[in-house]
Amino acid sequence: MVSLACLTGLALTLSSPMAEAQTAAKEIFGRTPLPSVNPAEVHGFYSKGCISGAVAMPTDGPTWQAMRLERNRRWGHPNLIALVQKLSRDAVSDGWPGLLVGDISQPRGGPMLTGHASHQVGLDADIWLTKMPNRKLTRQERRDTSAISVLKNDTLYVDPNIWTPAHGKLIARAARFDDVERLFVHPGIKKAMCETYGGSPQNASWLGKVRPYYGHHYHFHIRMKCPQGSTECRKQDAVPAGSGCDASLDWWFTKEPWTPKPPKKDAKPVKKRVVTLSDLPNSCSAVLREPQPANEQLVTFDASYDPTAALASASPSSAPAAKSAGIGFDWPIPGSRPY
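None of these values were measured; they are calculated from a predicted model.

1. Quick word on the nonpolar core
- Within the largest apolar cluster, 52 residues are counted, with the highest numbers of intra-cluster contacts made by Leu99, Ile171, Ile189, Met193, Phe220 and Ile222.
- Looking at which element gives the most residues to this core, the answer is helix 4 (residues 78-94), with six residues.
- Among the nonpolar cores identified, the runner-up in size contains nine residues, and Ile28, Cys50, Leu280 and Leu288 belong to it.

Right, dumping it as structure tokens:
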């Protein structure tokens, strides 16, 4: 538990713009409990930015359940939350029993206390490759249940006893959304997708968006395009033409991507640089000061969501007031990180 003295000290620290600019950004954004009620707008890049007007993915829906609720990472741009909900409905119509939804973003985006480098602007969402059970999970189960890897032990390939055509159909369904920029999956999953769908040229337009990447064998990662109206959202480079079932995929099954580069002789250890608020777009300082809703329910994206009511309830933003209980994962990624 964070003491009152610590919270008071943090609030006083943030009262000075100069001091705030040099505070670790994850300490500010990671402890901000509610979003702003301004119109939804993305500021910056997926791994260096923030978001105004985020809304929450409801903890439960008829075709989804949100996981790891204690992390407070169910927030995203309304377009992304709507997309994930639609994907859940479409997936059920395809025979998938429902989505387990992992991390999206923090209430105002920004760097996280633990885990992801991206997920900062409300346009990234993790979808578990574990099927939703036919009962409502408890809060503790959502915290303690582990996602299941689809890889065969100690290999780079999917396990045929775990990986099914339904997994592939779910990923294909997500990739076909026009607003999806790309999907990150483990190289072994990409290979399985190529074996199933790569033979047809008509699949190249969406299969090319399925990008091989480190980790991502417990879940896949949806990345949405910059939404209209977010003039400060920085686009990612377009994916290369074609299906991606070529030599670029073969590279992942060599030793190179998995072998750490040896340190230079007599090189001193480099201390990891802390990302501060001054490293983010200038508008992110303003985002932290935007008014907040009276409560979380007012900005939860369900049938009763009314942005007018949320705006009417607006009050000045409170200082960060609680230490995140979330547990993140830092994937051991050697060498460069291809996108």
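2. Some details on the side chain of threonine 130
- When you line up the elements, threonine 130 lands in the loop between strand 8 (124-128) and helix 5 (139-144).
- Look at threonine 130 and you get buried, because its relative accessible area is 12%.
- Here isoleucine 148 takes part through its backbone nitrogen, which lies 3.0 Å from a polar atom of the side chain of threonine 130.
- Residue contacts for threonine 130: discarding those within four places in its chain leaves Trp96, Leu100, Ala147 and Ile148.

3. Observations regarding the packing of helix 4 against helix 6 (residues 165-175)
- Interaxial distance between helix 4 and helix 6 falls to 10 Å at its minimum, and their mutual angle equals 140 degrees. As the angle between them shows, helix 4 and helix 6 are arranged oblique. Seen along the crossing, helix 4 lies across helix 6 with a hand that is right-handed. Seen from helix 4, the contacting residues are Leu87, Asp90, Ala91, Ser93 and Asp94; seen from helix 6, they are Lys169, Leu170, Arg173 and Ala174.
- Of the residues in the contact of helix 4 with helix 6, the class split is four nonpolar, one polar and four charged.

4. Some words on the state of the cysteines
- Tallied over the full model, the rule gives three disulfides.
- Across the disulfide from cysteine 194 sits cysteine 245; the S-S distance is 1.9 Å. Between cysteine 194 and cysteine 245, the S-S torsion sits near -85 degrees, and that sign places the bridge as left-handed. Taken together, the residues cysteine 194 in helix 7 (residues 187-197) and cysteine 245 in the loop between strand 11 (219-224) and helix 9 (247-250) connect sequence positions 51 residues apart.
- On the basis of relative accessibility, which here comes to 12%, the residue cysteine 194 falls in the buried class.
- Residue cysteine 245 is classed as partly exposed on the basis of its relative accessible area of 30%.
- Across the disulfide from cysteine 226 sits cysteine 233; the S-S distance is 2.1 Å. Taking the sign of the torsion about the S-S bond as the criterion, the disulfide between cysteine 226 and cysteine 233, at about -75 degrees, is left-handed.

Criteria and thresholds
Residues numbered from 1 in each chain as written. Predicted model: local features only at pLDDT ≥ 70, side-chain atom pairs only at ≥ 80, totals over all residues. Heavy atoms only, no water. Core = buried A, V, L, I, M, F, W, Y, C linked by side-chain atoms within 4.5 Å. Buried < 20%, exposed > 50% of the residue type's maximum accessible area, 1.4 Å probe, protein only. Helix = DSSP H or I, 4+ residues; strand = E, 2+ residues; numbered from the N terminus. Polar contact = N/O pair within 3.5 Å; in protein donor to acceptor, adjacent residues only side chain to side chain. Contact = heavy atoms within 4.5 Å. Axes fitted to C-alpha atoms, helices over the stretch in contact; angles between N-to-C directions. Parallel < 35°, antiparallel > 145°, perpendicular 65-115°, else oblique. Left-handed = near helix turned anticlockwise from the far one by under 90°. Nonpolar A, V, L, I, M, F, W, Y, C, P; charged D, E, K, R; others polar. Disulfide = S-S within 2.5 Å.

Any link to function would need more than the numbers given here.
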